[in-house]
Amino acid sequence: MVSSRFHVLFLASICVFAVLGSSSGAAVISSTVNQDGYKTFAGTGAASKVGTFQMGPAAPSYTQARLRTWIELPSNAFGAAAPKLVLAAYNASFPEFSLIFGPTVSTSLNFESEVPPSFGVDERQSGWVSLTPSEGTTLASIIASDSQGRIDAWLVSPTIQDFANPDLAEYWYFDSNYNIIFETIVYTATLELEAVPEPTSAIAVSGLTFGFLALRRARSRRLLRRQIHA
Amino acid sequence: MLRLTACFLFSLVSLVSVTRADYYFGTGAAQQTNFSETNTVRAVYLGRLSAFAGTGSNPNVAEAAKFTSLYAGVAIRGATNVALYGGRGDVNFENSLANGKMYDTGLRFSNTNQTSVQSIFLPGLPPPSGSTAPFALSNSAGIGMRDILANQGGLDFWLVGDAASSFTAPSQITSTQAANFLVYFNASAVPEPSSILLGLAAASFGALKLRRPKIALKANA
């Protein structure tokens, strides 16, 4: 009897930790949109709007980010010159290039030129880059500030201007009669954020699990009492 | 005397137009390189065209006196009034220009929106796709580019804008799709000796025909 009870308790514990583990583990939020292509200039630098991403509802914080985008880079896009990802409030006019002001998060995610440079529009997938706790919570507040959880992603360089995230590109070719035929490619981008789960969710899952355990224990005791009385 | 002079001039003009009539020289196209330089201007190298072909073309440069007009198409982004130059030199555009090896075609490219890579053809699509008249080249540009193609076997093309501009002409649209530029030339032929002789004979005959009644009038008087 006792061993049976321990057996149930042991299994329940495994379930609890499995459920807790999955709920408290990081969730990845992903959004894919058509690229925007808008560019703005200031001084020797420029900012290119990648697009508006749907990332809500906001998590308490975010720990990592990565971006897939179609980008055209000049051959000198290296180091500090390489355009880096800046996440800003939805539809906010673009802030200063220092990007410390206002509701923006300037990440360390950047895109450098390939070696040798391609000189074309290329699809690039960044690796995951970590966000500091401060960046993570600022990002959460930016996402929470929009009722639909939207944020704008920009690529920004303080020193180069001839880079871009075009919204589309046209190309042409000859048919067999030397007529020129046009085709269009629409570029898309995907932003992914790794979120820290809300404490309320973790607490709710833990509470339910322990509640289930308590009920199970009470039922076992009841059964045991009945057996004794019988 | 007046009629004689008029006849001679008319014959001369006709002769020039007959022996130097415009014809479709050929179309050259290649993948854009998008290599850029910025000094006093921003210059983006498109590439070198060595072979010209096309339906009904006569791309034998030795038979061309000069290029007379052109169509050009480029895939371009972020451009405002960007000039197309043709000549010789795949690096150091401004040196080539200073050394008289680069010629302004007169074409100016501007994107209608600043968010896209657009394929723009000026002054319109060449035949058979379009019916816009070609863009006339200046004599110096037409002769200069013809001579470079004849003597050096290839013409280099550059897009040139303000130093502060950031236009580009990407080399590819995707990893598998190249971005190409195109130049379509019309040319005028080198006058053939036989045409010159024929024209002169016609002019002389006309002059004699006009002169004969005058002699007859004099004899009657």
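This text follows the structure it describes.
In this text, all values refer to a predicted model and were calculated from it rather than measured experimentally.

### Let's talk about the interface of chain B and chain A
- The partner chain A presents 31 residues to the 35 residues of chain B that form the contact.
- Its largest share of buried area at the contact with chain A, chain B owes to B:Thr115, B:Ser119 and B:Ile173, together 21% of the area lost on that side.
- One can count 2 salt bridges joining chain B with chain A.
- Among the salt bridges present, the one from A:Asp162 reaches B:Arg42, with a minimum N-O distance of 3.3 Å.
- Counting only elements with at least two residues in the side of chain B that touches chain A, the list comes to β1 (22–31), β2 (35–38), β7 (118–122) and β10 (180–189) of chain B.

### Points about the layout of surface pockets
- In this structure, the largest pocket spans a volume of roughly 370 Å³.
- Here the element with the most residues in the lining of the largest pocket is β2(B); it accounts for 4 residues.
- Taken together, 15 residues line the second largest pocket, and the ones lying closest to its centre are A:Phe41, B:Gly78, B:Thr80, B:Gln114 and B:Ser166.
- Mapped onto the lining of the second largest pocket, the elements with two or more residues apiece are β2 (39–42) of chain A together with β9 (155–162) of chain B.

### Notes on empty space enclosed by the protein
Residue and element names in this part refer to chain A.
- Tallying each qualifying case throughout the model produces 1 cavity of 30 Å³ or more.
- By volume, the largest cavity is sized at about 70 Å³.
- Taken together, Ile71, Glu72, Leu73, Pro74, Ser113, Glu114, Pro117, Ser118, Phe119, Gly120, Asp122 and Arg124 make up the full set of residues lining the largest cavity.
- Taken together, the elements giving at least two residues each to the lining of the largest cavity come down to β4 (61–72) and β7 (121–125).
- Broken down by class, the residue content of the lining of the largest cavity amounts to 5 nonpolar, 3 polar and 4 charged.

### Some thoughts on a positive patch on the surface
- A contiguous patch of positive charge on the surface is contributed by A:Arg216, A:Arg217, A:Arg219, A:Arg221, A:Arg222, A:Arg225 and A:Arg226.
- Position of A:Arg222 relative to the elements: it lies in helix α3 (residues 199–229).

### Examining the pairing of β4(A)
Residue and element names in this part refer to chain A.
- Burial of β4 is extensive: 10 of the 12 residues sit out of reach of the surface.
- When β4 meets strand β12 (residues 188–196), the two strands line up antiparallel, connected through 7 bridges. Residue pairing across strands places Arg68 opposite Thr190, the latter belonging to β12.
- Where β4 lies against β7, 5 bridges are found, and the strand directions are antiparallel. Pairing of Glu72 across the sheet is with Val121, part of β7.

### Quick word on the side chain of B:Lys66
All names here are of chain B.
- The residue Lys66 is located in strand β4 (residues 64–76) in this model.
- Among buried Asp, Glu, Lys and Arg side chains, Lys66 stands out as unpaired, with Asp22 the closest opposite charge at 7.1 Å.
- Separated by 2.3 Å, the side chains of Lys66 and Asn139 make a polar contact.

### Section: the sheet that holds strand β5 (residues 82–87) of chain B
Residues and elements named next belong to chain B.
- The strand order β2-β3-β9-β5-β6 describes an open sheet built from 5 strands, whose pairing is antiparallel. With one partner strand each, in any of the chains shown, β2 and β6 (102–109) form the two edges of the open sheet. With strand direction ignored, the average angle separating the axes of adjacent strands in the sheet is 25°.
- Here 5 bridges tie β5 to β9, and the two strands are oriented antiparallel to one another. Its bridge partner being in β9, Ala83 is matched across the sheet by Val160.
- In this fold helix α3 (residues 139–152) packs onto β3 (41–49), β5, β6 and β9, with an angle of close to 120° to the strand it touches most, β6.

### What to know about the pattern of salt bridges
- Applying the stated rule across the entire model yields 10 salt bridges over all chains.
- Across the pair A:Arg68 and A:Glu123 runs a salt bridge, and its minimum N-O distance is 2.8 Å. In this pair, A:Arg68 sits in strand β4 while A:Glu123 sits in strand β7, placing the two residues 55 residues apart along the sequence.
- A:Arg68 sits in the buried class, given a relative accessible area of 15%.
- Across the pair B:Asp90 and B:Arg48 runs a salt bridge whose closest N-O atoms are separated by 4.0 Å. With a gap of 42 residues between them, B:Asp90 in the loop between β5 and α2 (93–98) and B:Arg48 in strand β3 connect regions that are remote in the sequence.
- A cluster of three or more residues bridged by salt bridges with shared partners is formed by B:Arg48, B:Asp90 and B:Asp156.

Quick notes on the rules
Residues numbered from 1 in each chain as written. Chains lettered and ligands numbered in written order. Predicted model: local features only at pLDDT ≥ 70, side-chain atom pairs only at ≥ 80, totals over all residues. Heavy atoms only, no water. Contact = heavy atoms within 4.5 Å. Buried area = accessible area lost by both parts, 1.4 Å probe. Salt bridge = Lys/Arg side-chain N within 4 Å of Asp/Glu carboxyl O. Helix = DSSP H or I, 4+ residues; strand = E, 2+ residues; numbered from the N terminus. 1 Å grid on protein atoms, 1.4 Å probe; cavity = no way out; pocket = protein on both sides within 12 Å on 5 of 7 lines; lining within 4 Å. Points joined across faces, edges and corners; volume = space filled by probe spheres on them. Nonpolar A, V, L, I, M, F, W, Y, C, P; charged D, E, K, R; others polar. Patch = residues over 30% accessible without salt bridge, like charges linked within 9 Å, V, L, I, M, F, W, Y side chains within 5 Å. Areas by Shrake-Rupley, 256 points an atom, 1.4 Å probe, with all protein chains shown as cover. Lys, Arg positive; Asp, Glu negative; His and termini not counted. Charge placed at Lys NZ, Arg CZ, Asp CG, Glu CD. Buried < 20%, exposed > 50% of the residue type's maximum accessible area, 1.4 Å probe, protein only. Pairing = 2+ DSSP bridges. Polar contact = N/O pair within 3.5 Å; in protein donor to acceptor, adjacent residues only side chain to side chain. Axes fitted to C-alpha atoms, helices over the stretch in contact; angles between N-to-C directions.

Purely spatial values, then, with no claim about function.
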